[in-house]
Amino acid sequence: MNIPLPTIGSEFYSAVFPILVLCLASIISLLQGVSKGFRSPAALLFTLLVGLIAALVYQTGGYFLGGAYISDMLSIYGKSLMISASIVLVLFVYFSTLREKFFRGEVVTLFLMVLSGFLMLISSTDLISVFVGLELSSIGLYSLVGYINPNQRSQEGALKYFILGSISAAFLLYGMGLLYFTTGTLGIDQIFGQISQIYNGPNWLYFLSGLIMFGIGLTFKMALAPFHMWTPDAYEGAPTALTAFMATAAKTAIILLIFRVISFTPALTLETWQPFFSVLAIATIVIGNIFALVQTSIKRILAYSSIAHSGYLAIGLAAAATTSNTAFPYDAILFYLIAYTIMSIAVFGVLIWLEEDAGINLNLMDIHGLAKKHPFAALSIAVCMLSFAGIPPTVGFMSKFFLFKAALDAHLYSLVIVGILGSAVSLYYYLRIVVNMYMRDPTGQRETSPGGGSKITAFVVGILVVLIIALGTVLPGPLLNKMADYSKPLMINKG
Amino acid sequence: MVPFNYIIVLSAFMFFCGVFGVLFRRNIIAILMSVELMLNSVNLLFIGASKVVGNLDGQIMVFFIITVAACEAAVGLAMVIAIFRKFGSIDTDKLRVLRG
């Protein structure tokens, strides 16, 4: 699949079709919420799935809003990944105890708005659409974290997320203001195309501080190290399905946005990005892995592991910012995002399934002896944990391998060493979960056996586990080659 | 005309007042007000920059920022009410359920 792009200046409503159809579905579900006959979870699931599948199936290339919105292969990659992840998560929620709480008109509306915000974000080439996409997704997420399942825990998480998120948005905006002042434009391509003229000029200090503040705003949303404080609280407070969505979709969207920024930077000045990402990568890997060691709540462990994985992705970004003439770092990151999405959704799917009977927020005690009570759930978690840690033959190993190879090609040896040491440390907390499931006797305070009605969840988790193994053994080559199609627009911008 | 340096200094001053407000105030309403102050300092920066640069893109951005700030305030105040109902206080020191 390769989409020819029309020239800038022609407008194509078909290019924004996925966002339009999601907005339409969100309005319909809001109306359903106040109607008499169509407010059942099944009816809302129908609207949701029709919207998501239509947005997934019909995607074309093109420009919109005078070039501020672009639909190229890269954004099609992001849209497909995020929408597929959403479809799977929605199914998980529908077959769990959260069904009545999630399938309410306003919650479905907010969820679709968040998703369309992410889609907007990865397609935007203008600071206004970046800002609108980012806020559309963030404001929806703040509300969803505290609203779906209101209790002290989730509302505290939502408030912390909200306050830190608004500060980061303000930083992002101030950075945008400074970038606009120094370059006189809001187009990302024009701003970053001008770096070489501004470099060391009279306005360089303003530009640099603008760039740093813009970067702080983005790295906050991606949960990179000094700005990761909100992640564990928001992840623990949020309902598990939403945690999975935040961990995967938010990461994908921000990474693809950073790709766009990097791809518009001319090759000569590209290396200005490299120290920025290197420092963040090291800090994130160290902090994420070390704090994960002392956690007892499983969701908190996964939150810190998600921070550490952002750090590994930052290694790839540093590599992409160093070697300008090869697409391999981009391909490796795109591969990593797919792998991370599959692993996260599988493990959170099992958690949704287990929490059905156990109330909320499992900790390490609750999964003692899970292998005896429910071998399939334990096996799925174990495969995901090994994959997170990067043990062959799983997709987690292959994705880390490609990422570190990209960094080695870029001569970033120190980053690779930190990355490998970080993976070694992470083995401790990932294997701790496996040991608790397989080698301890059930303590039996809380019941963690999956209840009825969740055959479909088990089936989907099974498919994902097979994918984790298959992508780690026989399929990584074809998938990586496929990624080259998606990273092509980035290289065209370079030329 | 006011020199642009004055505008940038004023907006940076407002912005950091907002940052310090967020960091050191314990009342959630005061924190929300500080966030609004930060967003308004950005508006000032954009309008000043628009004058210097000589196009209207920055002023269009300001309209978007005002709209989004209103949305944030709405969500934030709703959250304050929800927090007050659950915790009986809007002091951030009282929010200590999530730890670790």
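In this text, all values refer to a predicted model and were calculated from it rather than measured experimentally. Along each chain, the written sequence defines residue order, and numbers are assigned to residues from 1. Whichever chain is written first becomes A and whichever ligand is written first becomes 1, with later ones labelled in order. Given that this is a predicted model, residues contribute local features only at a pLDDT of at least 70 and side-chain atom pairs are listed and counted only at 80 or more, while totals for whole chains, interfaces and linings are drawn from all residues.

Draft legend 1. Here's a closer look at the overall build of chain A. Each helix corresponds to a stretch of at least 4 residues labelled H or I by DSSP, and each strand to a stretch of at least 2 residues labelled E; elements are numbered beginning at the N terminus. For chain A, the count of helices and strands is 22 helices and two strands. The C-alpha atoms of chain A give 22 Å as radius of gyration, which agrees with the globular expectation for 495 residues (23 Å, within 12%). With the principal axes as the frame, chain A shows a C-alpha extent of 70 × 55 × 40 Å. Counting other C-beta atoms within 10 Å of each residue's C-beta, where C-beta atoms are placed from the backbone, gives the exposure class: buried for 20 or more, exposed for 12 or fewer, partly exposed between. A buried classification covers 60% of the 495 residues belonging to chain A. Working definition of a contact: two residues with C-beta atoms, positioned from the backbone, lying within 7 Å. In chain A, once contacts between residues fewer than 6 apart in sequence are set aside, the share between residues at least 24 apart is 82%. With the radius of gyration taken over C-alpha atoms, the globule rule is written as 2.2 Å times the number of residues to the power 0.38.

Draft legend 2. Quick peek at the overall build of chain B. Summing up its helical and strand segments, chain B has three helices and zero strands in all. The order of α-helices and β-strands along chain B, N terminus first, is α-α-α. In terms of overall size, chain B is more extended than a compact globule, its C-alpha atoms giving a radius of gyration of 17 Å where 100 residues would be expected to give roughly 13 Å. Taken over the C-alpha atoms alone, chain B extends approximately 50 × 25 × 25 Å along its principal axes.

Draft legend 3. Inspection of the packing of helix 10 (residues 204-222) of chain A against helix 12 (residues 240-264) of chain A at higher detail. Residues and elements named next belong to chain A. Geometry is summarised by axes, namely lines fitted to C-alpha atoms with helices restricted to the contacting stretch, and by angles between N-to-C directions that run from 0 to 180 degrees. At a minimum axis separation of 8 Å, helix 10 and helix 12 run at an interaxial angle of 150 degrees. One way to sum up the angle between helix 10 and helix 12 is to call them roughly antiparallel. Between helix 10, through Leu218, Lys221 and Met222, and helix 12, the contact on the second element is made entirely by Ala250, Lys251, Ile254, Ile255, Leu257 and Ile258. Under the scheme applied, nonpolar residues are Ala, Val, Leu, Ile, Met, Phe, Trp, Tyr, Cys and Pro; charged residues are Asp, Glu, Lys and Arg; polar residues are all the others, including Gly. For the contact of helix 10 with helix 12, the class distribution of residues is seven nonpolar, no polar and two charged. Working definition: roughly parallel below 35 degrees, roughly antiparallel above 145 degrees, roughly perpendicular at 65 to 115 degrees, and oblique for all remaining angles.

Draft legend 4. Main features of the environment of Asn40 of chain B. Among the secondary structure elements, Asn40 of chain B is positioned in helix 2 (residues 28-53). Separated by 15 residues in sequence, Asn40 of chain B and Arg25 of chain B have C-alpha atoms that sit 19 Å apart.

Draft legend 5. View of the packing of helix 7 (residues 152-183) of chain A against helix 11 (residues 230-237) of chain A. Residue and element names in this part refer to chain A. In contact at an axis separation of 8 Å, helix 7 and helix 11 are set at 145 degrees when each is read in the N-to-C sense. Crossing of helix 7 against helix 11: the hand is left-handed. Here Arg153, Ser154, Glu156, Gly157, Ala158, Lys160, Tyr161, Leu164 and Gly165 of helix 7 come into contact with helix 11, specifically with Trp230, Asp233, Ala234, Glu236 and Gly237. Throughout, a crossing is termed right-handed when the near helix is turned clockwise from the far one, and left-handed when it is turned anticlockwise from it by less than a right angle.

Draft legend 6. View of the confidence of the model for chain A. A residue-level look at chain A finds 93% of positions with pLDDT of 70 or above and a mean pLDDT of 86. pLDDT runs from 0 to 100 and stands for how confident the predictor is about each residue. Predicted confidence in chain A is weakest over helix 22 (residues 488-494) of chain A, with a mean pLDDT of 68, and strongest over helix 5 (residues 105-123) of chain A, with 93.

Draft legend 7. Looking closely at helix 13 (residues 273-293) of chain A. Residues and elements named next belong to chain A. Multiplying 1.5 Å by the helix residue count minus one yields the expected span of that helix. Taking 1.5 Å as the rise per residue, helix 13 with 21 residues should run 30 Å; its terminal C-alpha atoms sit 31 Å apart, in good agreement. Buried within helix 13 we find Trp273, Phe277, Ser278, Leu280, Ala281, Ile282, Thr284, Ile285, Gly288, Asn289 and Ala292. In this structure, the buried residues of helix 13 make contact with helix 10, helix 12, helix 14 (298-322) and helix 19 (413-438).

Draft legend 8. Highlighting the interface of chain B and chain A. With 34 residues of chain B at the interface, the matching set in chain A holds 34 residues. Among the secondary structure elements, those contributing two or more residues to the side of chain B that touches chain A are helix 1 (4-24), helix 2 and helix 3 (57-87) of chain B. Considering every element that reaches the side of chain B that touches chain A, the biggest residue donor is helix 3 of chain B, with 16 residues. The residue makeup of the side of chain B that touches chain A, split by class, is 26 nonpolar, five polar and three charged.

Draft legend 9. The arrangement of helix 10 of chain A in detail. All names here are of chain A. Its 19 residues place the ends of helix 10 26 Å apart at the C-alpha level, agreeing with the 27 Å of an ideal helix rising 1.5 Å per residue. Along helix 10, the residues classified as buried are Phe207, Gly210, Leu211, Met213, Phe214, Gly215, Gly217, Leu218, Thr219, Phe220, Lys221 and Met222. On its buried face, helix 10 sits against helix 6 (127-147), helix 7, helix 9 (195-198), helix 12, helix 13 and helix 14. Immediately beyond the C-terminal end of helix 10, within one or two residues, lies Ala223, with a positive phi of roughly 65 degrees.

Draft legend 10. Looking closely at the confidence of the model for chain B. Put simply, chain B has an average pLDDT of 89, and 96% of its residues get 70 or more. Both scores are given for the predicted complex: the pTM is 0.91, the ipTM 0.95.

Draft legend 11. Up close: the environment of Leu112 of chain A. All names here are of chain A. With respect to the helices and strands, the residue Leu112 is situated in helix 5. Separated by 90 residues in the primary sequence, Leu112 and Leu22 have C-alpha atoms spaced 6.0 Å apart. In contact with Leu112, other than residues within four places in its own chain, are Leu22, Ala25, Ser26, Ser29 and Gly51.

Draft legend 12. Representation of the environment of Val88 of chain A in the model. Residues and elements named next belong to chain A. Assignment of secondary structure puts Val88 in helix 3 (residues 73-94). Spatially, the C-alpha atom of Val88 lies 8.9 Å from that of Gly349, the residues being 261 residues apart in sequence. Beyond its immediate stretch of four places on either side in the chain, Val88 contacts Ile345 and Val460.

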